[in-house]
Amino acid sequence: MVHLGVTLFIGGVFGFLFFKLRVPGGMMVGALLAVSVLSVCTDWAYMPSYARVAAQITAGAFIACTVEKSDLKRLPHIVKPAAILLGGMLCLNLLMGFLIHAVTDLDWITSFMCAVPGGMSDTPIIAADMGGNGGKVAVMQFARLLTGIGVFPSLILTVTKKEAIPQQEARVQTHSSRSKYPAEFILTVVVAGVFGVIGKLSGVPVGALLFALIGVIALKLLFDRAYLPMWMKRAAQVLSGCYIGSSVTLQDVVELKDLIPAVILLLLGYMVACLAIGRVMAKTCGMSRRESMLAATPAGASDMALISADLGIQSPDLIVLQVVRMLVVISLFPQIIHLLVRFLT
């Protein structure tokens, strides 16, 4: 119990520090780095298995809370671009997984999960749950997120600087912008917890996250009563970082240098995919090239909402596409990877 308390304290302090320094995914990154150092240098780092389940349930519930009823109204308009985007992302994910496996000594699960265009906080914990190396997936995901936020917007702006951008109505947040009540928070926690436990017991890969996601989406869309405060997401990020960090060994640290070719390969792959998928969507879906390339940028939905506004795009379809991408990538891609790895091994 003392070791658990020390691990959570160290992870929480450094997670908060990195968050204040505005590091992308700072709560998780700070906790991961600090607890990794604790694990390598001492025998104090410890996190029980149920911490991973709690982090998964919270992540699934929080993602579900971002879904709005207005998103459903836009779905008929984005079926085609969503199919192109998700098909392209899946092909890229699988191709990069094979290439990463070829240039490193990473196992199949870790190789494929390194290239999943999912969340910085969610993907490493999913990889760990599937038997992969969550620490190495976190390194790759951090590189993807950092590049998606720091490099891709400038690249897109340069490529499309002569393009005329039509103005569109911004996505409207309805219930999520109103003040919340404790009853809604408690109801969301109960629904997420019950469905998450069922998912964990079901034996479905990443079942805790997937079932919590489904349960809270149903609560949100049917009753519009789903709500989790931001501190819950921050806490889940710290739990994820602490859990992954506690499993890091000195051997893992020594092997990090071997990830450099994989990181370069992954970022080049995402850059080519952004240009290619963006061009196809622009030509076939009536979208501007800037909007379509932003949709194919490997960053989070909330990040893209801010980035797109800075680049002159106020498109509700772009944000809905990002939400759909996030939901499908987190819920479906790991299942496809699980089946593929079973076939390969």
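Residues numbered from 1 in each chain as written. Predicted model: local features only at pLDDT ≥ 70, side-chain atom pairs only at ≥ 80, totals over all residues. Heavy atoms only, no water.

Another aspect to go through is helix α17 (residues 333-344). With 12 residues, α17 ought to run about 16 Å at 1.5 Å a step, and its terminal C-alpha atoms sit 16 Å apart, in line with that. All of the buried residues along α17 are Phe333, Pro334, Gln335, Ile337 and Val341. (Helix = DSSP H or I, 4+ residues; strand = E, 2+ residues; numbered from the N terminus. Expected span 1.5 Å × (residues − 1). Buried < 20%, exposed > 50% of the residue type's maximum accessible area, 1.4 Å probe, protein only.)

Attention now goes to the packing of helix α4 (residues 69-103) against α17. Axis separation between α4 and α17 bottoms out at 12 Å; the angle between their running directions is 40 degrees. Relative to α17, the crossing made by α4 is right-handed. Note on element contacts: α17 touches α4 through Phe333, Ile336, Ile337, Leu340 and Leu344, opposite Leu86, Met89, Leu90, Asn93, Leu94 and Phe98. Partitioning the contact of α4 with α17 into residue classes produces 10 nonpolar, one polar and no charged. (Axes fitted to C-alpha atoms, helices over the stretch in contact; angles between N-to-C directions. Left-handed = near helix turned anticlockwise from the far one by under 90°. Contact = heavy atoms within 4.5 Å. Nonpolar A, V, L, I, M, F, W, Y, C, P; charged D, E, K, R; others polar.)

With that settled, the discussion passes to unusual backbone geometry. A positive phi angle, near 50 degrees, is found at Asp224, a position not held by glycine. Here Asp224 is to be found in the loop between α10 (207-223) and α11 (230-246).

With that settled, the discussion passes to the environment of Thr110. Mapped onto the elements of the fold, Thr110 is located in helix α5 (residues 108-114). Distance in space between the C-alpha atoms of Thr110 and Asn133 is 5.7 Å, their sequence separation being 23 residues. If we skip the residues at most four places from it in the chain, Thr110 touches Gly132, Asn133, Lys136 and Val137. Side-chain polar atoms of Thr110 contact the side chain of Asp107, separated by 2.8 Å. (Polar contact = N/O pair within 3.5 Å; in protein donor to acceptor, adjacent residues only side chain to side chain.)

With that settled, consider the layout of surface pockets. Unfilled space is identified by rolling a water-sized probe across the atoms. Looking at the second largest pocket, its volume works out to about 290 Å³. Taken together, 17 residues form the lining of the second largest pocket, with Leu32, Leu33, Ser36, Gly135 and Val139 sitting closest to its centre. Those elements that provide at least two residues to the lining of the second largest pocket are α2 (26-41), α7 (134-150) and α12 (250-255). The biggest single contributor to the lining of the second largest pocket is α7, with five residues. (1 Å grid on protein atoms, 1.4 Å probe; cavity = no way out; pocket = protein on both sides within 12 Å on 5 of 7 lines; lining within 4 Å. Points joined across faces, edges and corners; volume = space filled by probe spheres on them.)

So, on to the environment of Ser246. By secondary structure assignment, the location of Ser246 is in helix α11. Sequence-wise, Ser246 and Val35 are 211 residues apart; in three dimensions their C-alpha atoms are separated by 5.9 Å. Excluding its chain neighbours within four sequence positions, the residues that come into contact with Ser246 are Val35, Ser39, Ala45, Tyr46 and Met47.

Further remarks concern the packing of aromatic side chains. A complete count under the given rule lists four aromatic pairs for this structure. Relative to Trp108, the ring of Phe98 lies with its centre 5.4 Å away and its plane at 75 degrees, an arrangement referred to as edge-to-face. Of this pair, Phe98 sits in helix α4 while Trp108 sits in helix α5, and the two are 10 residues apart along the sequence. According to the relative accessible area criterion, Phe98 is partly exposed, its value standing at 35%. (Phe/Tyr/Trp six-rings, centres within 6.5 Å; stacked < 30°, edge-to-face > 60°.)

Model confidence for the protein chain is summarised by a mean pLDDT of 83, while 89% of its residues fall at 70 or above. Helix α15 (residues 301-310) is the least confidently modelled element of the protein chain, averaging 60 in pLDDT, while α5 averages 95, the highest of any element. In the predicted structure, residues 169-179 sits below a pLDDT of 50 and forms 21 contacts with residues beyond four places in sequence or in another chain. (pLDDT = per-residue confidence, 0-100.)

This part takes up the packing of helix α3 (residues 49-65) against helix α9 (residues 182-202). As a packed pair, α3 and α9 sit with axes 9 Å apart at the nearest point and diverge in direction by 125 degrees. Taken together, the axes of α3 and α9 are oblique relative to one another. Considering how the two elements wind past one another, α3 and α9 form a crossing that is right-handed. Note on element contacts: α9 touches α3 through Thr188, Ala192, Gly193, Gly196, Val197 and Lys200, opposite Arg52, Val53, Ile57, Ala61 and Cys65. In terms of residue class, the contact of α3 with α9 is made up of six nonpolar, three polar and two charged. (Parallel < 35°, antiparallel > 145°, perpendicular 65-115°, else oblique.)

This part takes up the nonpolar core. Membership of the largest hydrophobic core comes to 93 residues, with the highest contact counts inside it found for Ile100, Met113, Val216, Leu321 and Ile337. Ignoring anything within four residues of it in the chain, the contact list for Ile100 reads Leu106, Ser111, Cys114, Ala115, Met140, Ala262, Leu265 and Leu266. (Core = buried A, V, L, I, M, F, W, Y, C linked by side-chain atoms within 4.5 Å.)

Attention now moves to a nonpolar patch on the surface. Judged by side-chain polarity, Phe9, Val13, Phe14, Leu17 and Leu21 come together as a nonpolar surface patch covering roughly 490 Å² of accessible area. One can find Leu21 in the loop between α1 (2-20) and α2. Judged by relative accessible area, which is 58%, Leu21 ranks as exposed. (Patch = residues over 30% accessible without salt bridge, like charges linked within 9 Å, V, L, I, M, F, W, Y side chains within 5 Å. Areas by Shrake-Rupley, 256 points an atom, 1.4 Å probe, with all protein chains shown as cover. Salt bridge = Lys/Arg side-chain N within 4 Å of Asp/Glu carboxyl O.)

A few words now on α1. Every α-helix winds through 3.6 residues per turn, so residues three or four apart in the chain are directed the same way. Over its 19 residues, α1 runs 27 Å from end to end, which matches the ideal 27 Å to within 8%, given 1.5 Å per residue. What α1 keeps buried is the set Leu4, Thr7, Gly11 and Gly15. Seen end-on, α1 carries its buried residues on one side only, within an arc spanning 65 degrees. Exposed positions of α1 whose direction lies more than 90 degrees from the buried face are Val2, Phe9 and Lys20. Where α1 is buried, its residues contact α2, α3 and α11. (Arc of directions from axis to C-beta.)

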